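# Chains, contacts and geometry: an overview
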Amino acid sequence: MGIGLAAPESMNADDSIKQDTKLFGLIAEEAMKNRLFVELNKLIKPEAMMIPMNIREDDFYFTVANMKKSKVDGAYIAPEYQEMIIELLDEKDEIVEVYGKCDFVLRDGEKLKGFLVEKNDVNDTETLARIIADEYIKGM
């Protein structure tokens, strides 16, 4: 880049999405401020990619309900929507039932399955990305 300026860090070195790329969203009001997608893309590309999706509260239900018929394979749900998503899930793991919130969904056909990844007070983005990659994405 310019003198003394480093290139900005992007989602990954190749931001292209291919026909067989598994696609995940990061649903938040201000998704670009959440660095989870950057950390996760370091672990899952080129087989999969997470894209930040700035979704306002009034568009949340429409967006998630339409995931069931979309090409999106799943999404991380930011804290502001983790309780709201419960009524849109077709299946929930028992941790979601206990805590009453969900932070990760996978699409299975036209059903959404909800999980709670941050159940053990995961408080750093790198660890959260590793858990999502290893437990939910790489095994698909």
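Look a little higher up for the structure.
Overview of the structure. (Residues numbered from 1 in each chain as written. Predicted model: local features only at pLDDT ≥ 70, side-chain atom pairs only at ≥ 80, totals over all residues. Heavy atoms only, no water.)

### A few points about the pattern of salt bridges
According to the stated counting rule, one finds 11 salt bridges in the structure shown. Where E30 meets K33, a salt bridge forms, and the shortest distance between an N and an O atom there is 2.6 Å. Here E30 falls in the partly exposed class, since its relative accessible area comes to 45%. Across the salt bridge formed by R107 and D73, the nearest N and O atoms sit 3.7 Å from each other. Of this pair, R107 sits in strand β5 (residues 104-108) while D73 sits in strand β3 (residues 72-77); the two residues are 34 residues apart in sequence, bridging distant segments of the chain. Judged by its relative accessible area of 19%, R107 is buried. Look at D73 and you get buried, because its relative accessible area is 13%. Residues participating in the shared-partner salt-bridge network are R56, D58 and D59. (Salt bridge = Lys/Arg side-chain N within 4 Å of Asp/Glu carboxyl O. Buried < 20%, exposed > 50% of the residue type's maximum accessible area, 1.4 Å probe, protein only. Helix = DSSP H or I, 4+ residues; strand = E, 2+ residues; numbered from the N terminus.)

### Structural notes on helix α1 (residues 36-44)
Every buried residue belonging to α1 is among L36, F37, V38, L40, N41 and I44, and all of these are buried. Residues of α1 that are buried in the fold lie against β1 (22-28), β2 (48-54), β3 and α4 (125-137). (Contact = heavy atoms within 4.5 Å.)

### Considering the sheet that holds strand β4 (residues 91-92)
Read across the open sheet, the six strands follow the order β2-β1-β3-β5-β6-β4; overall the sheet is mixed. Across the chains shown, the open sheet's two edge strands, defined by having one partner strand only, are β2 and β4. Bridge count between β1 and β3: five bridges; the pairing is parallel. Residue pairing in the sheet places L26 in a bridge with Y76 of β3. Helix-sheet contacts for α1 involve β1, β2 and β3, and the interaxial angle to β2 is about 165°. (Pairing = 2+ DSSP bridges. Axes fitted to C-alpha atoms, helices over the stretch in contact; angles between N-to-C directions.)

### Concerning the environment of G109
Tracing the sequence through the fold places G109 in the loop between β5 and β6 (111-115). In this structure the C-alpha to C-alpha distance between G109 and K69, which are 40 residues apart in sequence, comes to 7.9 Å.

### Description of the pairing of β6
The two faces of the sheet receive side chains in turn, since in a regular strand these alternate between them. Where β4 meets β6, two bridges bridge the pair, whose relative direction is parallel. For K92, the partnering residue across the bridge sits in β6 and is G114. Examined bridge by bridge, β5 and β6 share five bridges and lie antiparallel to one another. For V105, the partnering residue across the bridge sits in β6 and is G114.

### Considering the packing of aromatic side chains
The full count for this structure, using the stated rule, is five aromatic pairs. Measuring from ring centre to ring centre gives 6.2 Å for F24 and F104, while their planes differ by 20°; the resulting arrangement is stacked. With F24 in strand β1 and F104 in strand β5, this residue pair connects regions lying 80 residues apart in the sequence. Taking relative accessible area as the criterion, F104 reaches 0% and is therefore assigned buried. A ring pair is formed by F60 and Y81, whose centres lie 4.4 Å apart and whose planes are at 15°; its orientation type is stacked. (Phe/Tyr/Trp six-rings, centres within 6.5 Å; stacked < 30°, edge-to-face > 60°.)

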